[in-house]
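Listed below are the residues making up each chain.
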Amino acid sequence: GEQVEQLPSILRVQEGSSASINCSYEDSASNYFPWYKQEPGENPKLIIDIRSNMERKQIQELIVLLDKKAKRFSLHITDTQPGDSAMYFCAASEGGSAKLIFGEGTKLTVSS
Amino acid sequence: EAAVTQSPRNKVTVTGGNVTLSCRQTNSHNYMYWYRQDTGHGLRLIHYSYGAGNLQIGDVPDGYKATRTTQEDFFLLLELASPSQTSLYFCASKTGGSYEQYFGPGTRLTVL
């Protein structure tokens, strides 16, 4: 079935630098791409999303880019802070259904 | 923010045991989902539902049954629990007109 590949699985950055997470998907009918942040012991929470009619979206320090031709999308966190340390999951909607297919996650650690 | 509750929050059972995990949302959402989360696999969809009485098979359904008794309540049933079903289980819900899924707090299940 549909898969979403997410890389890297582990990411360590210095406070104030940028962090980038990349995802790729298979289904050309996918039209919705959310990013979830999960802190230890907590549930995943939506932080930003992008639909297929857009190429770029920014909310404060979060930037999402979508390349539909290449079937890739990415999350960029600028000016990282220790509070950004968490697991991050990308997902893609499965065309024609109400399902989301999740990537395997990236553990981001921001050190001060 | 949409409210999704799960019970129990923690459960320990033995191999062959019978377990029911409960999920309730009070936001009149049509769609409800059951996921399991395991290290290295992200979130994997077990079953989901469009509404009361409806059930759709997810991506990892083996060993699980589910039932949607009302608009609010979605249950996951493990009739013969196995150690491979030790995991963190999340319920989620969403409206029909939105892509965003809201997650419950999770249930940690241990099968000895």
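Residues numbered from 1 in each chain as written. Chains lettered and ligands numbered in written order. Predicted model: local features only at pLDDT ≥ 70, side-chain atom pairs only at ≥ 80, totals over all residues. Heavy atoms only, no water.

What chain A contains, in helices and strands, is zero helices and eleven strands. Counting helices and strands in the order they occur from the N terminus, chain A gives β-β-β-β-β-β-β-β-β-β-β. Expressed along its principal axes, the backbone C-alpha trace of chain A runs to roughly 45 × 30 × 20 Å. The proportion of buried residues among the 112 residues of chain A is 44%. (Helix = DSSP H or I, 4+ residues; strand = E, 2+ residues; numbered from the N terminus. Buried < 20%, exposed > 50% of the residue type's maximum accessible area, 1.4 Å probe, protein only.)

Once that is clear, we can look at the pairing of strand β2 (residues 10–14) of chain A. All names here are of chain A. Of the two faces of β2, only one is covered, namely that formed by L11 and V13; the face formed by I10, R12 and Q14 stays uncovered. Bridge analysis of β2 against strand β11 (residues 106–111) gives five bridges, and the strand direction is parallel. By the bridge assignment, V13 is partnered in β11 with V110. (Pairing = 2+ DSSP bridges.)

Another point: the environment of Y99 of chain B. Residue position: Y99 of chain B is located in the loop between β9 (87–94) and β10 (102–103). Classification of Y99 of chain B by relative accessible area gives partly exposed; the value is 26%. Measuring from C-alpha to C-alpha, the distance between Y99 of chain B and I57 of chain B comes to 19 Å, with 42 residues separating the pair along the chain. Looking at Y99 of chain B, its side chain comes within polar contact range of the side chain of N31 of chain A, at 3.0 Å. (Polar contact = N/O pair within 3.5 Å; in protein donor to acceptor, adjacent residues only side chain to side chain.)

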